[in-house]
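Structure assessment
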Amino acid sequence: MTYAIDPELAGWATAIPEFSFTDYAELRAAEQAALSQAPPRRSAVPLDVHDLTVPGPSGAPDVPVRVYAPSGRDSLLPGLLYIHRGGFVMGSVGGFDAEATRISAEVGAVVVSVEYRLAPENPFPAGLEDCYAALTWVAAHADELGIDTERLGVGGESAGGGLSAAVALLARDRGGPHLCFQYLGIPELDDRLDTPSMRAFDDTPVISRPYGELSWDYYLGEGKRGGPAVSPYAAPARAENLSGLPPAYVTACEFDPLRDEGIAYAQRLQQAGVSTELHLYPGTFHGSTPYVPEAAVSRRMVADQHYALRKGLRVARPE
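Read on for an overview of the structure.

This part takes up the packing of helix H4 (residues 126–140) against helix H6 (residues 159–173). Running from N to C, H4 and H6 cross one another at 60°; their axes reach a closest spacing of 10 Å. With respect to H6, the axis of H4 lies oblique. When the axes of H4 and H6 are compared, the crossing they make is right-handed. Here Leu-128, Cys-131, Tyr-132 and Leu-135 of H4 lie close against H6, whose contacting residues are Leu-163, Ala-166, Val-167, Leu-170 and Ala-171.

Shown next as structure tokens:
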């Protein structure tokens, strides 16, 4: 199928190497190789960055996290639990170090990035419970982290966006930490794979319907996706009640199989009385921003993200 991809992105869309999501071990190895050659972290704002482990879910291993905080702060800052993307089976704190660095520096927030367990070795609910355990630890140690608990949010993109939505549901239903905001970037939310965009986009750049099928099979276990027993904490699109959730910012890309589930979730949040902002970016494909960061639409998406985070976490815009 031919797609009207933004001209600044179109050349890259055809040049992106195809990868087989069936060999996730090879993809993880490729990420680690790339990390070993990555340049040192750079930030226009001095940051204090350190790695530590926090208590995991009951009976499970501790959870590694990386904490980013603007240096020299003299007052409490907002906090963001950041959950990386990767289809539930890939990605790492190190792999998304640049994104977490940028958010902490540009937004002026303490960012806690979570190294959650990955599927298929650790299927649902392992990764989600790791993220929730990290959230509860952050809330309990907010003073030493320099975080204002009234300005604590959760956010991520793709699978990280889906996990962020699920963490918000858990926090509401377990009476857990108060969240003031949820950032759901191009979120992966629905295992039923029955939206118009998911049915239509079987050859789009970066991800397509076959990717979605494998992703959910890895996360839930073979033969479970689309069935009646899937938990709404695994696939938040299945949640019947979205009331009482924190204000949300949701993004969607035009040529992305996940487009319609993100739009539908944003609409349902709004209908449930949750203040929600939705941005659909024409001409884009899933994860196009990192591939062509200098494209006008990519710069706009990043600027919009920072604005949304500052607004959601109630941060005064720097002069």
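Okay, back to it.
Bringing unusual backbone geometry into the picture now. Of the consecutive residues Ala-119 and Pro-120, the connecting peptide bond is found in the cis state with omega at 0°. Looking at the secondary structure, you find Pro-120 in the loop between strand E4 (110–114) and H4. Omega for the bond connecting Phe-124 with Pro-125 falls within 30 degrees of zero, at 10°, which places this linkage in the cis form. Backbone geometry at Ser-158 places phi at a positive 60°, although glycine is not the residue there. Locating Ser-158 in the fold gives a position in the loop between strand E5 (147–157) and H6.

The side chains of a regular strand alternate, residue by residue, between the two faces of the sheet. With 7 of its 8 residues buried, strand E2 (residues 63–70) lies for the most part within the structure. When strand E1 (residues 47–54) meets E2, the two strands line up antiparallel, connected through 8 bridges. Within E2, the position partnered with His-50 by the bridge is Val-67. Direction of pairing for E2 relative to E4: antiparallel, over a ladder of 4 bridges. What sits directly across from Val-65, in E4, is Val-114.

Topologically, Thr-251 is positioned in strand E7 (residues 248–255). Within the local environment of Thr-251, its side chain forms a polar contact with the backbone nitrogen of Ile-186, the two atoms lying 3.0 Å apart. Thr-251 has contacts with Tyr-183, Leu-184, Gly-185, Ile-186, Pro-187, His-279 and Tyr-281, leaving out every residue within four places of it along the chain.

An order of E1-E2-E4-E3-E5-E6-E7-E8 is seen for the 8 strands of this open sheet, with the pairing classed as mixed. What marks the edges here is a single partner per strand, and that holds for E1 and strand E8 (276–285). Taking the axes of each pair of neighbouring strands and ignoring which way they run, one obtains an average angle of 20° across the sheet.

We now examine the packing of aromatic side chains. As enumerated under the stated definition, the model contains 9 aromatic pairs in all. Their ring planes at 55° and their centres at 5.3 Å tell us that Phe-88 and Trp-216 sit as a pair that is tilted. Of this pair, Phe-88 sits in the loop between strand E3 (77–83) and helix H3 (97–108) while Trp-216 sits in helix H8 (residues 209–220); the two residues are 128 residues apart in sequence, bridging distant segments of the chain. Across this residue pair, the class does not change: Phe-88 and Trp-216 are buried. The cationic tip of Arg-174 hangs over the ring face of Tyr-132; the distance from NZ or CZ to the ring centre is 5.0 Å.

Attention now moves to H4. Over its 15 residues, H4 extends 21 Å from the first C-alpha to the last, a length consistent with the 21 Å expected when each residue adds 1.5 Å. A large share of H4 lies buried, amounting to 12 of its 15 residues. When H4 is considered as a whole, its buried residues turn out to be Ala-126, Gly-127, Leu-128, Glu-129, Asp-130, Cys-131, Tyr-132, Ala-133, Ala-134, Leu-135, Trp-137 and Val-138.

Relative to the helices and strands, Asp-304 is located in helix H11 (residues 296–312). Buried Asp-304, no salt bridge; nearest opposite-charge side chain is Arg-300, N-O distance 4.9 Å. Here the side chain of Asp-304 touches Tyr-281 through a polar contact of 2.6 Å, side chain to side chain.

This part covers H8. Compared with an ideal rise of 1.5 Å per residue, which puts 12 residues at 16 Å, H8 spans 17 Å between its outermost C-alpha atoms and is within 8% of the ideal. Within H8, the full set of buried residues consists of Tyr-211, Gly-212, Ser-215, Trp-216, Asp-217, Tyr-218, Tyr-219 and Leu-220.

Let us look at the pattern of salt bridges. Applying the stated criterion across every chain, the model contains 17 salt bridges. One salt bridge connects Asp-173 with Arg-172, and the closest N-O pair in it is separated by 2.7 Å. Asp-173 gets classed as partly exposed once you look at its relative accessible area, which sits at 39%. The exposure class assigned to Arg-172 is partly exposed, which follows from its relative accessible area of 25%. The residue Arg-209 makes a salt bridge to Glu-213 at a minimum N-O spacing of 3.0 Å. In this pair, Arg-209 and Glu-213 are both assigned in helix H8, 4 residues apart and thus about one turn of the helix distant. When its relative accessible area of 21% is taken as the criterion, Arg-209 is described as partly exposed.

Criteria and cut-off values
Residues numbered from 1 in each chain as written. Predicted model: local features only at pLDDT ≥ 70, side-chain atom pairs only at ≥ 80, totals over all residues. Heavy atoms only, no water. Axes fitted to C-alpha atoms, helices over the stretch in contact; angles between N-to-C directions. Helix = DSSP H or I, 4+ residues; strand = E, 2+ residues; numbered from the N terminus. Parallel < 35°, antiparallel > 145°, perpendicular 65-115°, else oblique. Left-handed = near helix turned anticlockwise from the far one by under 90°. Contact = heavy atoms within 4.5 Å. Buried < 20%, exposed > 50% of the residue type's maximum accessible area, 1.4 Å probe, protein only. Pairing = 2+ DSSP bridges. Polar contact = N/O pair within 3.5 Å; in protein donor to acceptor, adjacent residues only side chain to side chain. Phe/Tyr/Trp six-rings, centres within 6.5 Å; stacked < 30°, edge-to-face > 60°. Lys NZ or Arg CZ within 6 Å of the ring centre and 35° of its normal. Expected span 1.5 Å × (residues − 1). Lys, Arg positive; Asp, Glu negative; His and termini not counted. Salt bridge = Lys/Arg side-chain N within 4 Å of Asp/Glu carboxyl O.

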